Amino acid sequence: LRSQGDLLRLNGQFTQARPIYDRALGVIEQAQTSDPKRAEIRNELALAADARGLVNRELGEIKASMQDHRRSLELLEKLVAEFPTAPRYRESLAKACNSLGVLEETTGSLVEAEAFYRRELPLVERLTQDFPDRPEHGRELARTLSNLGNVLARNRDAGAEVVLQRAVDVNGPLTIKHPEDVQIRFDLAKDYQCLGDLQFEQGKLEVALASIRESRSRSAALVKEFPDKPRYSEVLAINLADLGLVLHALNKPQSEATFQESAAIYEKLVAAHPDNFDYKIGQARCLRDQGTVVASLGHAAQAEAIYRKALALFDAKSAKAQTTESIRIQAGLLNNLDRKSVV
């Protein structure tokens, strides 16, 4: 049941995945009642709770997601304390720390997010040292570095670029050594994207352009190979939106066309997965930036229409799924609409 839920989740079918995870948790809880001290059952319970937490986050159920991830963390902390040399439980604990870090980052709690990523880092570093021939541990190390680097970048920490570059340096050789591992290829595309975003914020426009183009190339290859996997399309849409910003900053052509391509991908994602609030946030962010570029070119009426289309994504049904990021985007859109050059 958990594997079935994982498959649905990875295919973007979050609403369908949640009741499957509910059933999986129910079965494991019955097993735990029969044998409460058995470590393998407790580990499976923690993994199922963590997986359901991921789905709840995607559906905007932040409180439920936090409860699931906290439950997973508590179970795994006890397991690692009892069996400190068992790699499987350390790996599961690292995953739980990552899930909570992502959730805290989503809600704007950057200090807490950084703490969870820093707690995860020595766990995955030790796993790569203990099992250097297992690529999944290298992939997990790069994931931790990428997430930590993003939080550091948002906090204007000078060490962010070094951490993000290290994520690229870890996943790059792994991709060459294990080309069949699609997850590593996907993660490397995201690593380049995160590095490019930071370089853009630092004003390193040409370097940022190269990083984001590298990410776009890798994402586009994944989308071509797996057109029905929404997470690959989502990263490609992010690539294109950020590429539009960099092209505009460099006064290069095709900035507007790049935004339009990104917006078209997001529209398909939102239409196919209306319960995924993250896709709506991504589309709104893309439209906001597109509108800003259009307004700067003197097309005030066109920019206003784009801003209003973005605001319409945050309807009354989305109220319970609001995050710090979605509120920030809405505030920016309202501010842009209030400018005399647009109204």
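See the structure above.
Since the model is a prediction, treat every value here as computed from it, not as a measurement.

Draft legend 1. Structural view of the overall build of the protein. The helix and strand tally for the protein stands at 15 helices and 0 strands. A globule of 343 residues ought to have a C-alpha radius of gyration of about 20 Å, and the protein, at 21 Å, matches this closely. Seen through its C-alpha atoms, the protein measures out along the principal axes to roughly 70 × 45 × 35 Å. Going through the 343 residues of the protein one by one, you find that 52% of them count as buried. For the protein, the share of sequence-separated contacts (at least 6 apart) that also reach a separation of at least 24 residues comes to 61%.

Draft legend 2. Quick look at the pattern of salt bridges. Under the definition given, this model contains 31 salt bridges. Across the pair Glu 29 and Arg 71 runs a salt bridge, and its minimum N-O distance is 2.8 Å. Of the two residues, Glu 29 is situated in helix α2 (residues 14-34) and Arg 71 in helix α4 (residues 62-82); the sequence distance between them amounts to 42 residues. Given the relative accessible area of 28%, Arg 71 is considered partly exposed. Salt-bridge contacts for Arg 70 lead to Glu 104; the nearest nitrogen and oxygen are separated by 3.7 Å. Of this pair, Arg 70 sits in helix α4 while Glu 104 sits in helix α5 (residues 87-106), placing them 34 residues apart in sequence.

Draft legend 3. The arrangement of unusual backbone geometry in detail. Positive phi values are uncommon outside glycine, yet Arg 156 reaches one of about 60°. In this fold, Arg 156 is placed in the loop between α7 (135-154) and α8 (160-177). Phi angles above zero are rare outside glycine, and Gln 254 is one such case at about 75°. Summarising the element assignment, Gln 254 is placed in the loop between α11 (230-249) and α12 (255-272).

Draft legend 4. A look at α2. In this model α2 runs 30 Å from its N-terminal to its C-terminal C-alpha over 21 residues, within 8% of the 30 Å that 1.5 Å per residue would give. Residues Phe 14, Ala 17, Ile 20, Tyr 21, Ala 24, Leu 25 and Ile 28 constitute the buried set of α2. The arc enclosing the buried residues of α2, seen along the axis, measures out at 145°, which places them on a common side. Residues of α2 that are exposed and point more than 90 degrees away from the buried face comprise Arg 23, Gln 30, Thr 33 and Ser 34. If you follow the buried residues of α2, they end up packed against α1 (2-10), α3 (39-58) and α4.

Rules used throughout
- Residues numbered from 1 in each chain as written.
- Predicted model: local features only at pLDDT ≥ 70, side-chain atom pairs only at ≥ 80, totals over all residues.
- Heavy atoms only, no water.
- Helix = DSSP H or I, 4+ residues; strand = E, 2+ residues; numbered from the N terminus.
- Rg over C-alpha atoms; globule rule 2.2 N^0.38 Å.
- Buried < 20%, exposed > 50% of the residue type's maximum accessible area, 1.4 Å probe, protein only.
- Contact = heavy atoms within 4.5 Å.
- Salt bridge = Lys/Arg side-chain N within 4 Å of Asp/Glu carboxyl O.
- Expected span 1.5 Å × (residues − 1).
- Arc of directions from axis to C-beta.

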